[in-house]
Amino acid sequence: MKKIVIVLLIAVSLLSLNAVFDDYGSSARARGMGGAFYSVSNDASAVFYNPAGLVYAGNNVIVGYTDLWSTGYNSLINGAVSYNLGKAGTIGLGYQFFDVSYEDVTLQSEKTVGIFHGFTVMKDIHTELTMGYGVNLYNIEFYDQNDSQTAFGINIGALATVRQRTRLAFSVTNVNNPKIGKDYESDLPQVFVIGLSHVPYEKVTTSIELKQEFGEETQVMGGLEISPHDMVTLRGGVHNKPNVISFGVGFNVNNMLVDYGYNSHSNLDGIHQVAIGYKF
């Protein structure tokens, strides 16, 4: 009986903190940049941010893990892979599993699996325009239900590069306004992002972005990447609502990638996230 009460208390507290399929942060690299990654998106994790960035990802695989808010019962596992198809663009696959568990009881399980495609619309000596699109399959299960619920969401994105140093980004998540649930439908988050990234110096990238989840206040995000050495990249970032400070570090040794990202939280414990990857 005591165990059941604890399980129910955890479930109630989690429902008060999160909507289903919330933006938990799908990349350790992006977390280190304060989430301001939609205009950068140049690795396989572009499938979670801006699919137009797949054009710059090449052949890449990334797998990540975090215990959200350091609670011990919010585990987030995700992964992405991109593969260049030549003139046909780049295809990307992504998955994300978010489980809320207490001892041997899974209170809530969210699974997202998606397929994406990025391609070049036009390119000349000074400018380039890429676009991307994809579909996510969402699946959710709860502790007191024997059946699962599913929904489909469509994502689109675009990146305009000017003189190889400045990028303008546009991204919409769940543009089709999907809903999930049988007796009580819930809207899945619709997210609209515009952003700007700039490379003022070689191996230095800055980004500033506006993120709007429909029905919520606009979030301002800023990020920075500096590579003092070919094998090391340092990252920092901030965003508001909630007010967050982030930092991170990445290592690249013979195309083997290791990333770490951390962000504080105004009301909860900070989040540590790690990822490993490979460029092939």
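Residues numbered from 1 in each chain as written. Predicted model: local features only at pLDDT ≥ 70, side-chain atom pairs only at ≥ 80, totals over all residues. Heavy atoms only, no water.

1. A short note on the overall build of the chain
Note the cut-off: Segments assigned H or I by DSSP are reported as helices when at least four residues long, segments assigned E as strands when at least two residues long, and all are numbered from the N terminus. Between the two quantities, the radius of gyration covers C-alpha atoms and the globule rule is 2.2 Å times the number of residues to the power 0.38. Think of it in three bands: residues with accessible area under 20% of the maximum for their type are buried, residues over 50% are exposed, and the middle band is partly exposed, with areas taken using a 1.4 Å probe on protein chains only. We call two residues in contact when some of their heavy atoms are within 4.5 Å. Working definition of accessibility: Shrake-Rupley area with a 1.4 Å probe, residue cover restricted to the visible protein chains.
Scanning the chain from N- to C-terminus turns up three helices and 16 strands. The C-alpha atoms of the chain give a radius of gyration of 19 Å, which matches the 19 Å a tight globule of 280 residues would have. Projecting the C-alpha coordinates of the chain onto the three principal axes gives extents of approximately 65 × 35 × 35 Å. Across the 280 residues of the chain, 45% fall into the buried class. Of all intrachain contacts in the chain linking residues separated by at least 6 positions in sequence, the fraction that spans at least 24 positions is 46%. Here the chain displays about 14000 Å² of accessible surface, and carbon together with sulfur accounts for 61% of that area.

2. Brief notes about unusual backbone geometry
Geometrically, the link from lysine 241 to proline 242 is a cis peptide bond, its omega value of 0° lying close to zero. Within the fold, proline 242 resides in the loop between β13 (232-239) and β14 (244-253). Backbone geometry places lysine 203, a non-glycine residue, at a positive phi of 70°. By the secondary structure assignment, lysine 203 is in the loop between β10 (191-201) and β11 (204-213). Judged by relative accessible area, lysine 203 falls into the partly exposed class, the value being 39%. Residue lysine 241 is not a glycine yet carries a positive backbone phi of 50°. Topologically, lysine 241 is positioned in the loop between β13 and β14.

3. Overview of the pairing of β13
Put simply, the rule reads: At least two bridges found by DSSP between two strands are what make those strands a pair.
When strand β12 (residues 219-229) meets β13, the two strands line up antiparallel, connected through seven bridges. The residue bridging glycine 223 from the neighbouring strand is glycine 237, located in β13. As defined by bridge partners, β13 adjoins β14 across eight bridges and the pair is classed as antiparallel. In the strand pairing of β14, glycine 236 is matched with phenylalanine 247. Linking β13 back to β14 in an antiparallel pair, the connection comprises four residues, with lysine 241 at a positive phi of about 50°.

4. A short note on the environment of histidine 272
For clarity, the threshold we go by: Within 3.5 Å is the distance limit for a polar contact, defined as a pair of N or O atoms, with the added protein rule that one can donate a hydrogen and the other accept it, and that residues adjacent in sequence qualify only through two side-chain atoms.
Within the secondary structure, histidine 272 is located in strand β16 (residues 271-279). A sequence separation of 120 residues divides histidine 272 from phenylalanine 152, and the C-alpha atoms of the two residues are 29 Å apart. Not counting residues within four places of it along the chain, the set of residues in contact with histidine 272 comprises Tyr65, Thr66, Asp67, Ser70, Tyr260, Gly261 and Tyr262. A polar atom in the side chain of histidine 272 sits 2.6 Å from the side chain of tyrosine 260.

5. Overview of the environment of tryptophan 69
Tracing the backbone shows tryptophan 69 in the loop between β1 (60-67) and β2 (74-84). For tryptophan 69, a relative accessible area of 11% puts it in the buried group. Separated by 196 residues in the primary sequence, tryptophan 69 and histidine 265 have C-alpha atoms spaced 8.2 Å apart.

6. Brief notes about the confidence of the model for the chain
To keep things clear, this is the line we draw: The pLDDT value tells you how sure the predictor is about a given residue, anywhere from 0 up to 100.
Residues of the chain with pLDDT of at least 70 account for 91%, and the chain-wide mean is 90. This stretch, residues 1-18, has a pLDDT under 50; its non-local contacts, to residues over four places away or in other chains, come to 21 contacts.

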